[in-house]
Amino acid sequence: MLGFYLALPVLAVLAASCRCRADASQNTKKKHLAGFPMSTAKPSLRLVLAATKIAAACLVALPAAAQPHLDGLWSPVYNWPLIAVHAALTPEGRVLSYATKSDGTQTGFFSYDLWDPTAGPSGGHTTFGNGTGTDIFCSSQVIMPESGDILISGGDNWTGTGTTNTGNNNSNVFDTSGSTLTRSAVNMNRARWYSSSTVLVNGDIYIQGGSGGADFPEVRQQNGSFRLLSTAGTTGYHSTFPPNFLAPHGRLFGYGTAGRSPAACPAWLMFDPPPSA
């Protein structure tokens with residue numbers, strides 16, 4: 001029964017995802033407000049399998065709670081090979097994480113980890129060496145809908161003794177089928193440390209903010225090239241992991257944080273991404 005309660009949030013997210021994909025498919029022939037064609041990606045069976053694996057991993061002995069379905073429930077603390085500041089669920093159900101060395105040193109220059117939840121919370125980890133030459137600490141990551149691979153944009157800079165807390169303009173792709181991380185030949189137009197990445201309805205990736213890239217966002221097109229949106233300045237908006245979301249009508253919705261007043265940083269933005277070139 002406890003596993004059922006823990007699986008509910010995962011199943012709810014999946015249901016919402018499938019509804020959104022189904023709605024997008026039904027509206028394929030409609031003209032989109034932002035000038036984009038609606039996504040024609042099919043609902044992914046891999047996401048269902050991923051949720052099943054996560055739910056199965058939840059079937060472990062956990063502390064009792066009076067009403068876990070109402071109050072929530074925390075598991076015991078389990079060991080992890082590194083401090084997982086960044087994590088992403090792959091389509092096949094594994095968890096990619098990175099951000100430090102095994103001793104907790106801040107940097108994503110050396111390694112990343114994959115956890116298979118079917119092995120349980122105390123096992124299933126495989127730690128790989130990062131051979132890209134990019135410090136991916138404080139990058140942004142998002143699943144690319146057409147391939148299921150994970151785009152990792154920007155990050156930090158490793159000097160040999162530590163990080164600089166400044167941005168780089170690299171982009172890397174994690175191949176979920178081969179568990180490999182590869183640096184792309186094409187760099188972004190801006191260095192970005194603490195950026196955010198958002199999938200658009202046509203499959204392009206909108207990247208905004210980050211130290212070094214607060215002035216303009218850019219779009220990674222599906223051919224791998226980056227297009228700077230030089231007429232859509234974001235200087236006045238929050239630049240540290242800006243909280244952006246894709247609204248149902250295809251526009252981007254974001255909001256300011258850190259208690260900034262609307263005069264200093266608008267409380268929200270609604271943005272129509274320009275069509276792909």
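That block above? That's the structure.
Residues numbered from 1 in each chain as written. Predicted model: local features only at pLDDT ≥ 70, side-chain atom pairs only at ≥ 80, totals over all residues. Heavy atoms only, no water.

What the rule picks out here adds up to eight aromatic pairs. It is Lys101 that lies over the ring of Phe110; its NZ or CZ is 5.2 Å from the centre. (Phe/Tyr/Trp six-rings, centres within 6.5 Å; stacked < 30°, edge-to-face > 60°. Lys NZ or Arg CZ within 6 Å of the ring centre and 35° of its normal.)

In this structure, Ala88, Leu96, Tyr98, Tyr112, Leu114, Ile136, Ile150, Ile152, Phe174 and Leu181 together form the largest nonpolar core, which totals 10 residues. For this core, the secondary structure elements donating two or more residues are β2 (95-98), β3 (111-115) and β6 (150-153). Those residues in contact with Leu96 that lie beyond four places of it in its chain are His86, Ala87, Ala88, Tyr112, Asp113, Leu114, Ile150, Ile152 and Phe174. Val173, Met188, Ile207 and Phe226 belong to the second largest nonpolar core, which has eight residues in total. (Core = buried A, V, L, I, M, F, W, Y, C linked by side-chain atoms within 4.5 Å. Buried < 20%, exposed > 50% of the residue type's maximum accessible area, 1.4 Å probe, protein only. Helix = DSSP H or I, 4+ residues; strand = E, 2+ residues; numbered from the N terminus. Contact = heavy atoms within 4.5 Å.)

What follows deals with the pattern of salt bridges. For the coordinates displayed, the defined rule picks out three salt bridges. Measuring nitrogen to oxygen at the nearest pair gives 3.1 Å for the salt bridge that ties Asp215 to Arg190. Here Arg190 lies in the loop between β8 (180-183) and β9 (193-199) and Asp215 lies in the loop between β10 (205-211) and β11 (218-220), a separation of 25 residues in the sequence. Here Arg190 falls in the partly exposed class, since its relative accessible area comes to 21%. (Salt bridge = Lys/Arg side-chain N within 4 Å of Asp/Glu carboxyl O.)

Attention now goes to the sheet that holds β3. Pairing is antiparallel across the open sheet formed by four strands, whose spatial order is β1-β2-β3-β4. Edge positions in the open sheet fall to β1 (86-89) and β4 (125-129), since each of these has one partner strand only. For this sheet the average axis-to-axis angle between neighbouring strands, irrespective of direction, equals 20 degrees. For β3 and β4, the ladder comprises five bridges, and the chain directions are antiparallel. Across the sheet, Tyr112 pairs through a bridge with Phe128, a residue of β4. (Pairing = 2+ DSSP bridges. Axes fitted to C-alpha atoms, helices over the stretch in contact; angles between N-to-C directions.)

Attention now goes to the sheet that holds β10. Read from one edge to the other, the open sheet built from four strands follows the order β9-β10-β11-β12, with strand pairing classed as antiparallel. Single-partner strands in this sheet number two, and they are β9 and β12 (226-228). Neighbour-to-neighbour, the strand axes of the sheet open up by a mean angle of 25 degrees, direction not taken into account. Judged from the three bridges that link them, β10 and β11 form a sheet pairing that is antiparallel. Across the sheet, residue Tyr206 finds its bridge partner in β11, namely Val219.

In the Ramachandran plot, Ala99 falls in the positive-phi region, its phi being about 150 degrees despite a non-glycine side chain. Its location among the elements puts Ala99 in the loop between β2 and β3. Residue classification places Ala99 among the buried residues on the basis of a relative accessible area of 0%. Unlike most non-glycine residues, Phe241 shows phi in positive territory, near 45 degrees. Relative accessible area serves as the criterion here: at 32%, Phe241 is assigned to the partly exposed category.

With that settled, consider the environment of Asn168. Of note, Asn168 is situated in the loop between β6 and β7 (171-175). On the accessibility criterion, Asn168 (6% relative accessible area) is buried. For the pair formed by Asn168 and Asn187, sequence separation is 19 residues and the distance between their alpha carbons is 9.2 Å. Apart from residues lying up to four places away in sequence, Asn168 is in contact with Thr134, Asp135, Gly154, Gly155, Asp156, Asn157, Met188, Arg190, Ala191 and Arg192. Within the structure, the side chain of Asn168 is placed 2.6 Å from the backbone oxygen of Asp156, a separation counted as a polar contact. (Polar contact = N/O pair within 3.5 Å; in protein donor to acceptor, adjacent residues only side chain to side chain.)

Turning to a nonpolar patch on the surface, a few remarks are in order. Where nonpolar side chains cluster on the molecular surface, the patch consists of Phe245, Phe253 and Tyr255 and spans about 280 Å² of accessible area. You can see Tyr255 is positioned in strand β14 (residues 252-255). The exposure class of Tyr255 is partly exposed, given its relative accessible area of 38%. (Patch = residues over 30% accessible without salt bridge, like charges linked within 9 Å, V, L, I, M, F, W, Y side chains within 5 Å. Areas by Shrake-Rupley, 256 points an atom, 1.4 Å probe, with all protein chains shown as cover.)

Structural measurements only, silent on function.
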